[in-house]
Amino acid sequence: MMTNETQRYDAVVVGAGMAGLYMIKRLLDLGLAVRAFEAGGDVGGTWYWNRYPGARVDLESFDYSYSFSEDLQRDWKWSERYAAQPELLSYFNHVADRFGLRQHIEFKTRVISAEFDESRDIWTVELSTGRKVEARYFISAAGVLSTPKPPELEGLETYKGPTYHTGLWPHEGVDFTGKKVAVFGTGSSGSQVVPKIAEQASHLTVFQRTAVYCVPIKNYALTDKMREEAVATYPERRANSRKSRYGIPAQFPSTKVFDVSEAERRAKYEDAWGAQGHLLAFRMTFADILSNEEANETVANFIHGKIKEIVKDPEVAEKLSPRGFPFGTKRPILGTAFYEAFNRPNVSLVTLQDTPVVRVTPTGVQTSDKHREFDAMVFATGFDALTGAILRINIRGRDGLELKKEWAAGPRAYLGLATHGFPNLFFITGPLSPGPLSNMSMSIEQHVDWVADCIAYMRERGLTNVEANADSEIEWRAHVQEVVDGTLYQKANSWYLGANVPGKPRVFIPYLAGHGVYRAKCDEVAAKKYHGFTLSAPSHKRTEAKVKAASA
Ligand code: NA7
């Protein structure tokens, strides 16, 4: 029977992507009543929304996948070294069905607000459907790159043709055959979509704001033998990943760039460029690539040389060569023939530093030099990363504290997991944790496990509330800053720093010390009975204790 009563759960989870799915599973295993709300029409998160042609994961499929179930690892047969979007989406659908998660998720339902009632220790969660639900725990698994960023172009509303954001791609696909198309943005999404649209469009104009370092992907079909080997070595592979800097099996080197001869260095870079073809290949060549500017320049120069070799027009090659920020300080790209696309007669490059956009017109784009007409425009302009999806929800904690106001000068969160003033609110891969600077699947599992273990610990002891202490959060923020200060990362206008979103505070958000180091810190906090957090009993018991103390 339907009632108008507010439904009550133990936990509400925001999102049914990689993080949400595993969070639901862990909480169900603990015997909790869980409800997840997902804005999309199905599971998959990133891989549900980013359906643009060419979308592909930039870490090996064997690593970018759940490790929590040996059976799942054994049974799922990845077809390529780097899975493409449709295969990833099938994988997440398989996981949802295999572990019976789907029935706990409400799709096409966005969480609008969440408010903590201190007298009852309960979060009231308001949904886009107009309904409200209640829960003791409110867990954001809303993603780190899930709030698409608009292109901020004047006059865009006057444009008469169709526009597409790579992060909100139509499910039915788009046919660009014979069309004059504009692509804005040359990050991971732009560099994947450009070669694909170039194959269809009569002409493709790429508007580039910042040139990127794009390492060629070495993708290939996986054979049964490769899959069997991976399955057999999974225990070791995952164990090494958990200890590593980037959440992948390879261990970080100790040799520095100038410890070796130029010839040796060159050979290493050739190997990273050609034979390895993986996202972290260059960052894993030497220990000081991201801490010593001169060392970094050796990689930058090597890649500039490669761009010159690939791109036939020297002027275009120069425009495509990244300058003015160190290699790796903006997320490098694992590209599929991105630079090569500019050798096609139907592809042209417009650099916005030289010829900025004046305005979008009903038929195209006016730059400072000329007007270009387009039948369609594609925006690969990225995301309000790391905090966007959390702050999109109107979250109010104790004493009416508003998370948006609390984080106005940048996010505060102890270990990136929880923030003072907001009891029982957890962030999966939240700001100030390694998040996307490590293999996301490892980051996600580590956070989900930590949160589930914390809830289990409290339940065993009759405790219900957990809150990050103000001083631990301040110390953690300072530590995150201290780590980034020892690197080159702040020399680029990256989304790690919020620099891609107008008005966002310029604060370095991810924790850079590495996945293994971070995991050990989180484990230590848990082992010390959640040191730095305050764990407490339900509010009525706290009140009873206060009354008792007062009357004693
Ligand atoms: P990114 O990496 O943030 O790339 C967005 C691109 O769009 C980048 O080249 C931006 O230039 C450009 N951009 C952003 N706003 C504008 C405007 N207003 N005008 C012109 N160009 C603009 O997002 P992606 O989707 O490619 O990738 C995000 C992550 O997803 C990626 O790192 C992987 O982890 C997966 P900018 O560099 O800011 O000058």
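Quick caveat, the model's predicted, so the values are computed rather than measured.

**Q** It is not clear to me how the environment of Lys256 should be interpreted in this structure. Could you clarify?
**A** Within the element layout of this structure, Lys256 appears in the loop between helix 7 (234-243) and helix 8 (262-276). Of the residues examined, Lys256 reaches a relative accessible area of 44% and is grouped as partly exposed. Linking Lys256 and Ser244, residues twelve residues apart in sequence, is a C-alpha distance of 18 Å. Ignoring sequence-local partners within four residues, the contact set of Lys256 consists of Phe286, Ala287 and Asp288.

**Q** When you look at the sheet that holds strand 15 (residues 371-373) in this model, what are you seeing that I'm missing?
**A** Backbone hydrogen bonds hold the strands of a sheet together, and the pairing may be parallel or antiparallel. In spatial order, the strands read 13-14-15; together these three strands make up an open sheet with antiparallel pairing. Edge positions in the sheet fall to strand 13 (357-360) and strand 15, since each has one partner strand and no second. Within this sheet the neighbouring strands show an average axis-to-axis angle of 20°, counted without direction. Bridge analysis of strand 13 against strand 14 (residues 364-367) gives three bridges, and the strand direction is antiparallel. Paired with Val357 across the bridge in strand 14 is Thr367.

**Q** Explanation requested: the packing of helix 8 against helix 9 (residues 293-310) in the structure shown.
**A** The axes of two packed helices give the description: the angle between them and the distance between them. One way to put it is that helix 8 packs onto helix 9 with a least axis distance of 11 Å and a crossing angle of 55°. Of the possible angle classes, the one that applies to helix 8 and helix 9 is oblique. Regarding helix 8 and helix 9, the two cross each other, and that crossing is right-handed. Of the residues in helix 9, those in contact with Arg265, Arg266, Tyr269, Glu270 and Trp273 of helix 8 are Ala295, Thr298, Val299, Phe302, Ile303, Lys306 and Ile310. Grouping the constituent residues of the contact of helix 8 with helix 9 by class yields seven nonpolar, one polar and four charged.

**Q** Explain the pairing of strand 1 (residues 7-14) to me, please; I cannot follow it from the model alone.
**A** Moving residue by residue along a regular strand, the side chains alternate between the two faces of the sheet. Taken together, the seven bridges between strand 1 and strand 6 (residues 132-140) define a ladder with parallel strand orientation. Bridged to Tyr9 within strand 6 is Ala135. Taken together, the four bridges between strand 1 and strand 2 (residues 34-37) define a ladder with parallel strand orientation. Directly across from Ala11, in strand 2, lies its bridge partner Val34. Regarding topology, helix 1 (residues 18-29) serves as the crossover connection from strand 1 to the parallel strand 2, and that connection is right-handed.

**Q** Sorry, what's going on with the sheet that holds strand 8 (residues 180-184) here?
**A** Spatially, the five strands line up as an open sheet ordered 7-16-8-9-12, and their pairing is parallel. For this open sheet the edge positions go to strand 7 (163-165) and strand 12 (347-351), each flanked by a neighbour on one side alone. Mean inter-strand twist for the sheet, computed between neighbouring axes without regard to direction, equals 20°. Taken together, the four bridges between strand 8 and strand 16 (residues 376-379) define a ladder with parallel strand orientation. Bridging across to strand 16, Val183 finds its partner in Val378.

**Q** Looking at this structure, I do not really get the site of the ligand. What am I missing?
**A** Among the 19 residues in the neighbourhood of the ligand, the closest are listed as Pro151, Ser188, Ser189, Thr210 and Arg331. Separating an oxygen atom of the ligand from a backbone N or O atom of Ala380 is a distance of 3.2 Å. Computed on the free molecule, the ligand has an accessible area of 770 Å², of which 88% lies beneath the protein chains in the complex. Here the shell around the ligand is composed, by residue class, of six nonpolar, eight polar and five charged.

**Q** I keep staring at the environment of Phe508 and nothing clicks. Help me out?
**A** Mapped onto the elements, Phe508 comes out in the loop between helix 15 (470-485) and helix 16 (515-527). Distance from Phe508 to Gly40, taken between C-alpha atoms, is 29 Å for residues 468 residues apart in sequence. In this structure Phe508 touches Leu432, Leu437, Arg477, Val480, Val484, Tyr489, Gln490, Tyr496 and Leu497, once residues within four positions along its chain are discounted.

**Q** Just to check I follow, could you spell out the domain arrangement of the chain for this structure?
**A** How big an interface is tends to be stated in terms of accessible area lost as the parts join. Partitioning the chain into structural domains gives domain 1 (7-147 + 385-546) and domain 2 (166-375). On a C-alpha basis, the centres of domain 1 and domain 2 stand 28 Å from each other. Contacts between domain 1 and domain 2 engage 46 residues on the former and 53 residues on the latter. In total, domain 1 and domain 2 occlude about 4,300 Å² of area from one another, counting both sides; carbon and sulfur atoms represent 53% of this. The three residues of domain 1 that bury the most area against domain 2 are Phe62, Arg81 and Leu488, which together make up 17% of that side's buried surface. The interface formed by domain 1 and domain 2 includes four salt bridges. Salt-bridge contacts for Asp58 lead to Arg331; the nearest nitrogen and oxygen are separated by 3.1 Å. The interface formed by domain 1 and domain 2 includes 29 residue pairs in polar contact (both at pLDDT 80 or more). The set of elements that each furnish at least two residues to the side of domain 1 that touches domain 2 consists of helix 2 (46-49), helix 3 (70-75) and helix 16.

**Q** How should the pattern of salt bridges be read in this particular structure?
**A** It is possible for side chains of opposite charge to pair when their charged atoms get near one another. On inspection of all chains with the given rule, the structure shows 35 salt bridges. Residue Glu309 pairs with Lys306 through a salt bridge whose shortest N-O separation is 3.8 Å. In this pair, Glu309 and Lys306 both sit in helix 9, three residues apart, roughly one turn of the helix. We classify Glu309 as exposed; its relative accessible area is 59%. For Lys306, a relative accessible area of 9% translates into the label buried. Two residues, Glu473 and Arg412, come together in a salt bridge whose shortest N-O distance is 2.2 Å.

Parameters at a glance
In this convention, every chain numbers its residues from 1, walking through the sequence in written order. In keeping with the model being predicted, local features are shown solely for residues with a pLDDT of at least 70 and side-chain atom pairs are shown and tallied solely at 80 or more, while totals for entire chains, interfaces and linings include all residues. Computation of side-chain values: all heavy atoms of the structure, hydrogens and water removed. Strands here mean DSSP runs of E at least two residues long; helices mean DSSP runs of H or I at least four residues long; both are numbered from the N terminus. Throughout this description, buried means an accessible area under 20% of the type-specific maximum (1.4 Å probe, protein chains only), exposed means over 50%, and partly exposed covers the range between. The contact rule is simple, with two residues in contact once any of their heavy atoms fall within 4.5 Å. For two strands to be treated as a pair, DSSP must find at least two bridges joining them. Lines are fitted to the C-alpha atoms to define the axes, a helix being fitted only along its stretch in contact, and any angle between axes, read from their N-to-C directions, falls within 0 to 180 degrees. Should an angle lie under 35 degrees it is considered roughly parallel, over 145 roughly antiparallel, and from 65 to 115 roughly perpendicular; all remaining angles are considered oblique. Crossing handedness is defined as follows: a turn of the near helix away from the far one that is anticlockwise and smaller than a right angle gives a left-handed crossing, while the clockwise case is right-handed. Nonpolar residues are Ala, Val, Leu, Ile, Met, Phe, Trp, Tyr, Cys and Pro. Charged residues are Asp, Glu, Lys and Arg, and all others, Gly as well, are polar. When the strands point away from the viewer, a crossover counts as right-handed if the path from the first strand over the helix to the second runs clockwise. The near set for a molecule or strand comprises every residue that places at least one heavy atom within 4 Å of it. Each polar contact in these results corresponds to two N or O atoms within 3.5 Å; when the atoms are within protein, one needs to be able to donate a hydrogen and the other to accept it, and residues that are neighboring in sequence are counted only if both atoms are side-chain atoms. The Shrake-Rupley method, run with a 1.4 Å probe sphere, supplies the accessible areas, and residue values consider only the shown protein chains as cover. Each domain's extent was defined by an automatic or database domain assignment. Buried area is understood as the total, over both parts, of accessible area removed when two parts are fitted together, assessed with a 1.4 Å probe. Within this document, salt bridges are pairs made up of a side-chain nitrogen of Lys or Arg and a carboxyl oxygen of Asp or Glu, the two lying within 4 Å of each other.

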